[in-house]
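Below, each chain spelled out in residue letters.
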Amino acid sequence: MDNALAVRLLWLVVVVLAASLAGTIASWISWATEPSIGKALASGAGTFAGMVSLVLAAANFLTRRDV
């Protein structure tokens, strides 16, 4: 994979969109089980952070060059 700026920006957009979707779904599920804004925000933020780290780690693993 090329290390061009456009490819890195595309990865960043994909990571943010995937993490936002997962965080939103987790917040909705949390809100549906118990209507609490604090718990919904915490679950969404936690899921967002976890997804960002997971997707970036996977992208780093898949795109690294073995020397």
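A short tour of the structure in this document, coming up. (Residues numbered from 1 in each chain as written. Predicted model: local features only at pLDDT ≥ 70, side-chain atom pairs only at ≥ 80, totals over all residues. Heavy atoms only, no water.)

### Brief notes about helix α1 (residues 5-33)
Rules: Only DSSP runs of H or I covering at least 4 residues are called helices, and only runs of E covering at least 2 are called strands; the numbering of each starts at the N terminus. For a helix, the expected span equals 1.5 Å multiplied by the residue count minus one. Burial status follows relative accessibility: with a 1.4 Å probe on protein chains alone, a residue under 20% of its type maximum counts as buried, one over 50% as exposed, and anything between as partly exposed.
Compared with the 42 Å implied by 1.5 Å per residue over 29 residues, the 42 Å span of α1 between its first and last C-alpha is a close match. Listing the buried residues of α1 in full gives Val15, Ala19, Ala22, Gly23, Ala26, Ser27 and Ser30.

### Let's talk about the environment of Leu17
With respect to the secondary-structure elements, Leu17 resides in helix α1. Sequence-wise, Leu17 and Leu41 are 24 residues apart; in three dimensions their C-alpha atoms are separated by 17 Å.

### A short note on the pattern of salt bridges
To keep things clear, this is the line we draw: Salt bridge, as used here, is a side-chain nitrogen of Lys or Arg placed within 4 Å of a carboxyl oxygen of Asp or Glu.
Across all of its chains, the model carries 1 salt bridge by this definition. In this structure, the salt-bridge partner of Glu34 is Lys39, at a minimum N-O distance of 3.3 Å. For Lys39, a relative accessible area of 45% puts it in the partly exposed group.

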